[in-house]
Amino acid sequence: MASSTISVTRSDAFRAASDYKSRSRSSFATIRDFWIQEGAIPLDTEGNTILHFLAMYGNAFVVRKLVEDSGNNNNNSSIVKCEDLFGRNDKGNTPLHEAARFGRKSVVEILLRKQESLVRERNSLGETPVYVAAACGHEDVFDHLIAKIDGDWEIMTRSTDKSNILHAAVMGEHYGFIPSMVYQPKQKGFRASIVAGFRTVIKAYWRTRRIYDEKQKHAFALELGKRLVKEEREWNRYLDDRMGSPIVEATKKGIIELVNEIIGKFPEAAFSFDKNSRVAASGASQNDKGKNILHIAVKQKDWNIYDLLKRKIELRDGMLVGDVDNRGNTILHLAAKLGTPSSRSVQRGHLYEMMWDVCWFKHVSYNSPPHLWNLRNKDGKTAKEVFVKEHSEIREKAEKAVKDMNNGLMLIVALIGTVNYAALFTPPGGYRQSEDDPRYGLLVFLTDDMRMYYLHIFCGLLAAFVAFATMFSIQSCPFRSNDFYLDLPLRLLVAMGSLMLSVVFIALASRQVYLLERIGFPLGEYITYACLLAATFILGTIDGSFLLLYYLSFLLKLELLP
């Protein structure tokens with residue numbers, strides 16, 4: 001098909017193919033003339049033809065002109081014949097593979113109308129276009145391709161290692177869009193309108209939209225897991241070192257629904273190992289193996305998956321606990337590391353990171369046999385020694401942060417206490433000064449409101465004293481690692497709570513002054529100033545208080561667990 005006289009260069013053809021926004025006939029004419037002259041010759045060193053580049057850039061206008069018939073339903077009437085669509089580059093990809101990889105839905109539709117059997121073609125890695133679309137996360141292309149395979153499970157797998165689209169989707173974090181495989185009846189009527197409106201409101205704000213997206217992904221993951229796990233009959237094929245285990249990948253990504261679904265049907269899957277951590281040497285010992293799913297969950301500080309495994313499997317003396325990775329690390333060594341925490345954990349600053357890490361280390365140690373404390377890894381360190389070394393720097397930073405904050409708060413509490421003490425001897429209205437008055441030297445306002453005023457002042461002074469004493473004990477704390485577990489959080493909560501109470505009682509005492517002096521205070525202004533004071537107070541203190549309360553409530557739940 002090559003011509004001796006070339007009127008259209010490869011550069012001209014490439015520019016026309018990459019101009020996907022253009023619908024001009026000139027670009028089509030350029031590619032048509034090039035195809036007639038040169039045919040399916042490679043344009044680059046990777047063996048990509050002009051059809052591959054059209055698919056990559058999504059130039060649907062030119063692709064349609066090239067492959068569609070002229071109207072007489074005769075394949076021979078088109079410029080590009082059906083057999084040309086099966087052309088492959090050096091990676092074995094057809095134009096449909098490239099269109100699926102780049103998410104060019106319009107090109108995918110055109111190619112499948114021309115030759116539907118393209119959906120079954122595999123590249124050099126044994127991947128079909130469906131597998132490629134799942135791995136790259138193109139939902140609309142995936143949905144269209146899935147509709148063409150009629151539930152054929154073999155097309156959803158990679159022939160070289162028998163991994164399926166679950167592997168591809170999980171490893172690419174695109175598992176959330178595959179619920180198109182699962183039948184989901186659409187709601188109709190008034191209820192559907194209310195639900196759609198509610199979802200629109202939630203997705204309008206970026207914070208709630210993130211929460212909504214995560215909930216949707218996890219809901220879809222559960223349905224996907226049920227569908228794909230149902231297709232499996234045996235788990236032994238995932239023991240092959242050539243492919244990764246779905247439960248290992250799901251654990252790495254924190255997809256607890258898939259982990260739960262897989263263990264429910266295949267309990268032996270809980271003893272899967274990460275093949276990428278295995279020792280490849282032929283002389284490796286039996287215990288010289290990679291991380292299991294418990295190791296992965298502990299290293300990632302994933303509370304949810306760890307607790308799931310604890311419910312599903314006997315961890316105390318089980319095989320998962322006794323295993324070590326190829327560095328000789330037990331689960332205690334991995335729990336002692338400073339690694340990145342789970343996204344579901346509340347982390348804020350060095351202090352809270354130190355608190356949660358200590359809590360995680362103790363939580364894992366409670367479910368581990370005592371002998372693990374004495375085991376050493378290949379670096380010759382026990383788990384406790386690893387924890388001290390890994391957290392030495394962050395412990396010092398947390399200590400400095402607490403002391404710096406405590407110094408400022410102690411000054412504030414001292415000022416509050418001084419003001420409250422002075423207020424005890426300067427009551428509103430003062431004392432009776434006339435010596436002829438039978439109640440000389442007594443309070444002018446000797447009423448119930450005055451008694452309430454003194455009660456508020458006394459309570460504020462007492463709260464300030466408790467706060468100062470607690471902060472002083474924090475300042476003299478040795479800040480050992482164990483202090484961050486329960487002792488220090490409790491002291492901080494008592495100090496901050498006492499400080500809040502002292503401020504509240506000062507505000508109440510001020511209100512009593514207005515009542516005693518009979519000063520009019522419009523309700524609207526009173527509410528306005530109260531709201532401003534409350535908003536300022538909440539914005540300044542609720543974050544730390546909430547994190548402390550959340551942490552302590554979590555500790556309480558752990559202590560009450562059997």
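Our structure is the block above this text.
Quick caveat: nothing in here was measured; it's all calculated off a predicted structure.

Another aspect to go through is the overall build of the chain. Counting its regular elements, the chain contains 23 helices and zero strands. Considering the chain as a whole, with its 562 residues, one finds that 43% of them fall into the buried category. For the chain, the share of sequence-separated contacts (at least 6 apart) that also reach a separation of at least 24 residues comes to 73%. For the chain, the exposed surface amounts to about 29,600 Å²; the carbon and sulfur share of it is 57%.

In this section: a nonpolar patch on the surface. Taken together, the side chains of Phe458, Leu462, Phe465, Val466 and Val494 present a nonpolar region at the surface, about 470 Å² in accessible area. A per-element tally of the nonpolar patch places helix H21 (residues 448-475) first, with four residues. With respect to the helices, strands and loops of the structure, Leu462 is situated in helix H21.

Looking now at the packing of aromatic side chains. Between two aromatic rings, the relevant description is the distance of the centres plus the angle of the planes. Evaluated as defined, the whole model comprises nine aromatic pairs. Here the aromatic rings of Phe14 and Tyr57 are separated by 6.0 Å at their centres, their planes lie at 85°, and the arrangement is edge-to-face. Here Phe14, found in helix H1 (residues 10-18), pairs with Tyr57, found in helix H3 (residues 50-57); they are 43 residues apart in sequence, far enough to count as distant. On the basis of relative accessibility, which here comes to 30%, the residue Phe14 falls in the partly exposed class. Between Tyr453 and Tyr454 the ring centres are 5.6 Å apart and the planes differ by 75°, which places this aromatic pair in the edge-to-face class. On the accessibility criterion, Tyr453 (5% relative accessible area) is buried. In this structure, Lys362 is placed above the aromatic ring of Tyr485, and the distance from its NZ or CZ to the ring centre is 5.4 Å.

Another aspect to go through is the environment of Asp357. Within the element layout of this structure, Asp357 appears in helix H18 (residues 349-366). Spatially, the C-alpha atoms of Asp357 and Ala335 are 8.1 Å apart, while their sequence positions differ by 22 residues. Other than its neighbours up to four places away in sequence, Asp357 contacts Lys301, Leu338, Phe387 and His391.

Right, let's talk about the nonpolar core for a bit. Ile247, Leu294, Val298, Val364, Met471, Phe484 and Tyr551 are the most contacted members of the largest nonpolar core, which has 71 residues in total. The biggest single contributor to this core is H18, with 10 residues.

Time to look at helix H7 (residues 129-136). Counting buried residues in H7 gives six out of eight residues, a clear majority hidden from the surface. Those residues of H7 not exposed but buried are Pro129, Val130, Tyr131, Val132, Ala133 and Ala134.

Bringing the side chain of Asp302 into the picture now. Take Asp302: it is sitting in the loop between helix H14 (293-299) and helix H15 (303-312). Among the polar contacts made by the side chain of Asp302, one reaches the main-chain amide nitrogen of Ile305 at a distance of 3.2 Å.

With that settled, consider the environment of Asn304. Looking at the secondary structure, you find Asn304 in helix H15. In the structure, Asn304 is positioned 49 residues away from Ile255 in sequence and 9.6 Å away in space, judged by C-alpha atoms.

Residues spaced three or four apart along an α-helix face the same direction, because each turn holds 3.6 residues. Among the eight residues of helix H12 (residues 246-253), six are classified as buried, and the element is accordingly described as predominantly covered. For H12, the complete set of buried residues consists of Pro246, Ile247, Val248, Glu249, Ala250 and Thr251. Backbone geometry just downstream of H12 places Gly254 in the positive-phi region, at approximately 75°.

Cut-offs and rules
- Residues numbered from 1 in each chain as written.
- Predicted model: local features only at pLDDT ≥ 70, side-chain atom pairs only at ≥ 80, totals over all residues.
- Heavy atoms only, no water.
- Helix = DSSP H or I, 4+ residues; strand = E, 2+ residues; numbered from the N terminus.
- Buried < 20%, exposed > 50% of the residue type's maximum accessible area, 1.4 Å probe, protein only.
- Contact = heavy atoms within 4.5 Å.
- Areas by Shrake-Rupley, 256 points an atom, 1.4 Å probe, with all protein chains shown as cover.
- Patch = residues over 30% accessible without salt bridge, like charges linked within 9 Å, V, L, I, M, F, W, Y side chains within 5 Å.
- Salt bridge = Lys/Arg side-chain N within 4 Å of Asp/Glu carboxyl O.
- Phe/Tyr/Trp six-rings, centres within 6.5 Å; stacked < 30°, edge-to-face > 60°.
- Lys NZ or Arg CZ within 6 Å of the ring centre and 35° of its normal.
- Core = buried A, V, L, I, M, F, W, Y, C linked by side-chain atoms within 4.5 Å.
- Polar contact = N/O pair within 3.5 Å; in protein donor to acceptor, adjacent residues only side chain to side chain.

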